[in-house]
Amino acid sequence: MIKPFIIAEVGSNFDQSLVKAKKYIDVAKICKADAVKFQLFSGKNLYPDNYEIQKIFNSIELNIDWVDELLKYANNKKIILFFSCFDEFRLKNIIKKKFLFHKIASSEVGNFNLFKYLNKKEFKIFLSTGMSDLDDIKKACKKLNNCKLVLMQCTSLYPTSEKDINLNVISTFKKNFKRVELGFSDHTTSDIAAIVSVGMGVRYFEKHITLNKKSKGPDHFYAYEPKEFKR
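As the structure is a computational prediction, the values presented were derived from the model and not from experiment. (Residues numbered from 1 in each chain as written. Predicted model: local features only at pLDDT ≥ 70, side-chain atom pairs only at ≥ 80, totals over all residues. Heavy atoms only, no water.)

Engineer: What is the right way to read the pattern of salt bridges from this model?
Structural biologist: Where charged atoms from two side chains of opposite charge approach closely, those side chains can pair. Under the defined criterion, the tally for this structure stands at 15 salt bridges. With a shortest N-O distance of 2.6 Å, E69 and K22 are connected by a salt bridge. In this pair, E69 is assigned in helix α4 (residues 67-77) and K22 in helix α1 (residues 18-30), connecting sequence segments 47 residues apart. Of the residues examined, E69 reaches a relative accessible area of 38% and is grouped as partly exposed. Where E228 meets K213, a salt bridge forms, and the shortest distance between an N and an O atom there is 3.2 Å. Within this pair, whereas E228 is found in helix α10 (residues 226-230), its partner K213 is found in the loop between β8 (204-208) and α10, the two being separated by 15 residues in sequence. Take K213: its relative accessible area is 25%, and that puts it in the partly exposed class. Within the structure, one salt-bridge network assembled from shared partners comprises E9, K37, K103 and E206. (Salt bridge = Lys/Arg side-chain N within 4 Å of Asp/Glu carboxyl O. Helix = DSSP H or I, 4+ residues; strand = E, 2+ residues; numbered from the N terminus. Buried < 20%, exposed > 50% of the residue type's maximum accessible area, 1.4 Å probe, protein only.)

Engineer: Any chance you could explain the state of the cysteines here in plain terms?
Structural biologist: Here a disulfide denotes one covalent bond, and it connects the sulfur atoms of two cysteines. For the structure shown, the criterion picks out 0 disulfides. In this structure C85 is a free cysteine whose sulfur lies 15 Å from that of C147, the closest cysteine sulfur available. When its relative accessible area of 3% is taken as the criterion, C85 is described as buried. With no disulfide of its own, C141 has C147 as its nearest cysteine by sulfur position, at a separation of 8.7 Å. We classify C141 as buried; its relative accessible area is 11%. (Disulfide = S-S within 2.5 Å.)

Engineer: Please explain the side chain of E61 as it appears in this structure.
Structural biologist: For E61, the location among the structural elements is in the loop between α3 (51-58) and α4. Buried within the structure, E61 lacks any salt-bridge partner; R90 is the closest side chain of opposite charge, at an N-O distance of 4.8 Å. A polar contact of 2.7 Å, which involves the side chain of E61, links it to the backbone nitrogen of G43. (Lys, Arg positive; Asp, Glu negative; His and termini not counted. Polar contact = N/O pair within 3.5 Å; in protein donor to acceptor, adjacent residues only side chain to side chain.)

Engineer: I tried to follow the environment of K97 on my own but got confused; where do I start?
Structural biologist: Residue position: K97 is located in the loop between α5 (88-96) and β4 (101-104). Classification of K97 as partly exposed rests on a relative accessible area of 25%. In this structure the C-alpha to C-alpha distance between K97 and Y204, which are 107 residues apart in sequence, comes to 24 Å. Within polar-contact distance, the side chain of K97 engages the side chain of D68 at 3.0 Å.

The following block contains the structure:
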């Protein structure tokens, strides 16, 4: 059996602190995660016409000027670092720095402007499917037919209850997509669905991580603290 590959998703939990972002890299390594992931976006680009939502996303942005320092730090810790990018500027910046992993967030499955930079054999692309139907996924896979593609079963609820996971989608993926690997973005607050999905052929797992569930911010309360994550 192939060893599962575990991704520690930091999301916005670094609280716009470079020191804390590095701490998450430390913790992910201690917890034996294979990779740690952050998000790169601009609130202004995501919501150009909605200033109120812009302010919320501006308050959780990761400074793109930190990328080099975070990459160097992760390399020293011997853990893979990668990002979800939400616009061409940030994606092109990441590609220049030789990142070979990339996560396409559920909201970006139809953002084909990003795909044209990623559809190369050297890239491993994690495609999250939480806001897609089967036709959306087929179109995305066709656009990404040259890269190493991992389809991530995902339910875009934070947290997600076990009754809303529908792991049968993994069987649908296996039937419809022959050249992909299988993954699971797990937003539940337990391990049950992830353990079951291993038996269905899933290898790649993404789970949100936090230093403290009681911290302020949108991604802390349902994420795993280090002891849970390590378990």
